[in-house]
Amino acid sequence: MKNIKVLGSGCRNCETTARLIQEAAAAKGLSIELEKVTDMAAILGYGVMSTPGVVIDGQVVHAGGVPDRKTIDGWL
């Protein structure tokens, strides 16, 4: 099971990113642990300066803007 964190303030783009990740995982039949991180100190701790950010299994894979479905599928 992949541990995925969506980093952001809870803005529309952050919510969209989380939803797209959930939909992509469901389409592939994958079980994921999805967490939304809104604490700015924690976000900065990952070195992410623009949100939404995505962290998979402890590694930052994306920062800034909503990732497209093809990119998300590649992460999964």
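Residues numbered from 1 in each chain as written. Predicted model: local features only at pLDDT ≥ 70, side-chain atom pairs only at ≥ 80, totals over all residues. Heavy atoms only, no water.

### Describing the overall build of the protein
Then, in step 1: A count of helical and extended segments in the protein gives three helices and four strands.
Then, in step 2: In the protein, the succession of α and β elements from N to C terminus is β-α-β-α-β-β-α.
Then, in step 3: Against the globule reference of 11 Å for 76 residues, the protein gives a C-alpha radius of gyration of 11 Å, in line with a compact fold.
Then, in step 4: Each principal axis of the C-alpha atoms in the protein carries an extent, and together these give about 35 × 20 × 15 Å.
Then, in step 5: Taken across its 76 residues, the protein has 34% of its residues classed as buried.
Then, in step 6: Of all intrachain contacts in the protein linking residues separated by at least 6 positions in sequence, the fraction that spans at least 24 positions is 67%. (Helix = DSSP H or I, 4+ residues; strand = E, 2+ residues; numbered from the N terminus. Rg over C-alpha atoms; globule rule 2.2 N^0.38 Å. Buried < 20%, exposed > 50% of the residue type's maximum accessible area, 1.4 Å probe, protein only. Contact = heavy atoms within 4.5 Å.)

### Concerning the environment of Gly-53
Then, in step 1: Topologically, Gly-53 is positioned in strand 3 (residues 53–56).
Then, in step 2: Residue classification places Gly-53 among the buried residues on the basis of a relative accessible area of 0%.
Then, in step 3: The sequence separation of Gly-53 and Gly-64 amounts to eleven residues, and the corresponding C-alpha distance is 6.2 Å.

### Brief notes about the environment of Val-54
Then, in step 1: Structurally, Val-54 can be placed in strand 3.
Then, in step 2: The class of Val-54 is buried, set by a relative accessible area of 0%.
Then, in step 3: Separated by twelve residues in the primary sequence, Val-54 and Val-66 have C-alpha atoms spaced 9.9 Å apart.

### Quick notes on the side chain of Asn-3
Then, in step 1: In this fold, Asn-3 is placed in strand 1 (residues 2–7).
Then, in step 2: Side-chain polar atoms of Asn-3 contact the side chain of Lys-5, separated by 3.4 Å.
Then, in step 3: Among the polar contacts listed, one links the side chain of Asn-3 to the side chain of Glu-33, at a separation of 3.4 Å.
Then, in step 4: Beyond its immediate sequence surroundings of up to four residues, Asn-3 is in contact with Glu-33, Val-55, Ile-56 and Asp-57. (Polar contact = N/O pair within 3.5 Å; in protein donor to acceptor, adjacent residues only side chain to side chain.)

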